[in-house]
Amino acid sequence: MVRFSRPLNFALAVSTCAIPALAGQVQLSNLQLPPSALGVQATVKQMFVDSYNAYKTYAWGHDDLLPVSASFTDGRNGWGASIVDGMATMYIMGLDDFFNEAVNFTQFINFNESQVLETVSIFETSIRYVGGLLSAYELSGKQHQILVDKAKEVADKMAYAWQTFPGQTIPFGEIWFSDNTAVVDTSNIAEAGTLTLEWSRLSLYTGNDTYTQLTEGSVRTIANLVTPLPGLAPQGIDPSSNTFVGDYLTWGGGSDSYFEYLIKYPRVTNTDDNLFADTWHAAVGSSISAMARKSTVGNYTYIADWDGGELIHVGSHLECFHGGNWIFGGHLLNNQTIIDYGLELVDACWNTYASTTTGIGPEVFYFLANDQWNGNGVPSEEELTFYNEHGFWITTSDYILRPEVLESNFYAWRSTGDTKYLDRAASAVDSLKKFLPQPSGGYAGINDVDNPSAGFIDDQESFWFAEVLKYLYLTFDDPEHINLNDYVLNTEGQPFEAPAAKDVYGSGQPAVVLGQFVSKTGLPLPAISPNKYLPSPLPTPTSS
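It should be emphasised that the depicted structure is a prediction, and the values quoted were computed from it without experimental measurement.

1. Some thoughts on the overall build of the chain
Inference 1: Looking only at helices and strands, one finds 16 helices and 22 strands in the chain.
Inference 2: A compact globule built from 544 residues would reach a C-alpha radius of gyration of about 24 Å, and the chain, at 22 Å, matches this within 12%.
Inference 3: The principal-axis extents of the C-alpha atoms in the chain amount to approximately 60 × 55 × 50 Å.
Inference 4: Among the 544 residues that make up the chain, the fraction classed as buried is 62%.
Inference 5: Contacts spanning at least 24 positions in sequence make up 75% of the contacts within the chain whose residues lie at least 6 apart.
Inference 6: Charged side chains of the chain number 26 positive and 61 negative; the gap between the two group centres comes to 3 Å.

2. Some remarks on the side chain of Asp 85
Inference 1: Considering the arrangement of structural elements, one finds Asp 85 in helix α2 (residues 81–93).
Inference 2: No salt bridge forms around the buried Asp 85; measuring N to O, its nearest opposite-charge neighbour Arg 128 is 4.4 Å away.
Inference 3: At 2.9 Å, the side chain of Asp 85 forms a polar contact with the side chain of Gln 494.
Inference 4: If we skip the residues at most four places from it in the chain, Asp 85 touches Arg 128, Ser 462, Phe 463, Ala 466, Glu 492 and Gln 494.

3. Structural notes on the UniProt feature "binding site: Ca(2+)" (unreviewed entry) in the chain
Inference 1: The positions that UniProt labels "binding site: Ca(2+)" (unreviewed entry) are, in the present scheme, Thr 491.
Inference 2: With respect to the element layout, Thr 491 can be found in the loop between β20 (487–489) and β21 (495–497).
Inference 3: Taking relative accessible area as the criterion, Thr 491 reaches 14% and is therefore assigned buried.
Inference 4: Aside from chain neighbours lying at most four places away, what touches Thr 491 is Phe 123, Ile 127, Thr 194, Ser 257, Glu 260, Tyr 261 and Glu 467.
Inference 5: At a separation of 2.8 Å, a polar atom in the side chain of Thr 491 contacts the side chain of Glu 260.

4. Examining the state of the cysteines
Inference 1: Tallied over the entire structure, the rule returns one disulfide.
Inference 2: Between Cys 320 and Cys 349 runs a disulfide, and the two sulfur atoms are separated by 2.0 Å. Where Cys 320 bonds to Cys 349 through sulfur, the torsion about that S-S bond is close to -90°, and the disulfide is left-handed. Here the residue Cys 320 occupies a position in the loop between β15 (314–316) and α11 (322–332), and Cys 349 occupies one in helix α12 (residues 336–354), the gap between them amounting to 29 residues.

5. Topic: helix α16 (residues 463–475)
Inference 1: Under the 1.5 Å per step criterion, the end-to-end length of α16 is 17 Å for 13 residues, consistent within 8% with the ideal 18 Å.
Inference 2: The sharpest bend along α16 comes to roughly 30°, located at Leu 469.
Inference 3: Burial analysis of α16 places 13 of its 13 residues in the buried class, the great majority of the element.

6. Overview of the nonpolar core
Inference 1: Counting residues in hydrophobic clusters, the biggest one holds 161 residues, and the most contacted among them are Trp 251, Tyr 399 and Leu 432.
Inference 2: Leave out the neighbours within four places in its chain, and Leu 432 touches Met 47, Ile 360, Tyr 399, Leu 406, Pro 437, Tyr 443, Trp 464, Val 468 and Leu 472.

7. Describing the packing of helix α9 (residues 256–269) against α11
Inference 1: Look at α9 against α11: their axes get within 10 Å of each other, and the N-to-C directions meet at 40°. Overall, the two elements α9 and α11 adopt an arrangement that is oblique. Viewed along their axes, α9 and α11 form a crossing whose handedness is left-handed. Taking contact as the criterion, the partners of Phe 259, Glu 260, Ile 263, Lys 264 and Arg 267 in α9 are, on α11, Asn 325, Phe 328, Gly 329 and Leu 332.

8. Here we look at the packing of helix α14 (residues 404–416) against helix α15 (residues 420–435)
Inference 1: The geometry of α14 relative to α15 is characterised by a closest axis approach of 9 Å and an angle of 150° between their N-to-C directions. With respect to their mutual orientation, α14 and α15 come out roughly antiparallel. Here α14 and α15 pass one another in a crossing that is left-handed. Only Tyr 421, Leu 422, Arg 424, Ala 425, Ala 428 and Leu 432 of α15 make contact with α14, whose side of the interface consists of Leu 406, Asn 409, Ala 412, Trp 413 and Thr 416.

Cut-offs applied
Residues numbered from 1 in each chain as written. Predicted model: local features only at pLDDT ≥ 70, side-chain atom pairs only at ≥ 80, totals over all residues. Heavy atoms only, no water. Helix = DSSP H or I, 4+ residues; strand = E, 2+ residues; numbered from the N terminus. Rg over C-alpha atoms; globule rule 2.2 N^0.38 Å. Buried < 20%, exposed > 50% of the residue type's maximum accessible area, 1.4 Å probe, protein only. Contact = heavy atoms within 4.5 Å. Lys, Arg positive; Asp, Glu negative; His and termini not counted. Charge placed at Lys NZ, Arg CZ, Asp CG, Glu CD. Salt bridge = Lys/Arg side-chain N within 4 Å of Asp/Glu carboxyl O. Polar contact = N/O pair within 3.5 Å; in protein donor to acceptor, adjacent residues only side chain to side chain. UniProt positions renumbered as here; feature names shortened; annotations may be inferred. Disulfide = S-S within 2.5 Å. Expected span 1.5 Å × (residues − 1). Bend = angle between axes of the 7 residues up to and from the residue. Core = buried A, V, L, I, M, F, W, Y, C linked by side-chain atoms within 4.5 Å. Axes fitted to C-alpha atoms, helices over the stretch in contact; angles between N-to-C directions. Parallel < 35°, antiparallel > 145°, perpendicular 65-115°, else oblique. Left-handed = near helix turned anticlockwise from the far one by under 90°.

As structure tokens, then:
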């Protein structure tokens, strides 16, 4: 760790130099795919078909397939998460039979009660169910009103998460649908601040602005609080007092999609309020000035975590969305510095894939940089050997079908047209097909990306359909299909139509919030992904 002996006083190292593109234009014009792309795309589509057929055989109507044991789990309240979350991908891939079957299924979902005796996550339910339903509604020509009706049904129940205290602006993260009572507990900024895309879209199609007011209000509250570094809200938040919990700063889990939506929300709405884009601008500037570090091996760019003035040289698969997000936002701000940093982050995250035996990246990794190291996460001799070859070492070795590295690689391809990103995606397809398939037809996570014999993780989460396979398919698809100049994808990979781009997003200056930083200490934070219902990894041998 790196200890700062006094509060940082720095100038934002983010230039506003012009780039040869219109503001708001994320995707390069006239992208051309090589002939080989069609074959890889067909492979990805078949992976969807195979794994979805396995879901239909062993888990239909439930949330997720257990691909190793050929059974099911209901970690998302038993409403059929894989069906709803996968609908947009089905439509994009032209899998009309699957899509029509899924639309028919949705009319029978009873969102007024959980199908299992568990609380409902406001965050997960919004990004997977509300997002999945409304994205499918748009993509299919807005002809299936039942998709809007069902999104409204579940959102109306979740709205009670804002109604525990008078004047409450930040929702509690979990709620009991049985009696509409929220679980009074701390939350995190990702759970509280990753709702605006989905709920504002619901306002658009219902004519009820309450959904926008609720979710915008949460983000406005967080963005207007004083933070340890400009724009960088700490991970923990207490909805009962609108106070941060601790001072841990990260682009990883628990914070990630709050920052992601700060820049995506203004693009999908074209709001004239600069709060969102300017706060994102400040967060990126602080990250570059105070947390960006180069590894001593490989010269890879990472964004360290910040804990009370100490830097922790840690990265994660979840965090690797940031490269794509910075590319996206850099274009909206017409800021080449941010775009260039985003591309460097994409390279560093891809290196975690390229460096393992399976060609798949780990859940968590550490690195060394040219600054003081105080012993937190000091590598063992074996880890140091790995680091000296690859520029990072693995601390949590599993892979649970996460999309973020492939997501950012997709943004890099669509933004630059550099075919190295196609080569990387094709390599990932080969690795996923080689190491993850099960006799059931499903795809399982693995316990150790650097040791294929360490066994499988018996879960095929819905984001396998919503994100991993969608991002890979679109990477090799006609670039005019889901053009990033016309669509904004939510944190679950669900595309939403975007209006014609504005000339500029934000004021051009990072947001500044004056005052004294205040936070609570000693309070527990909610568990961060993965799925809290995920069974323990099974020590099964890999398939031959």
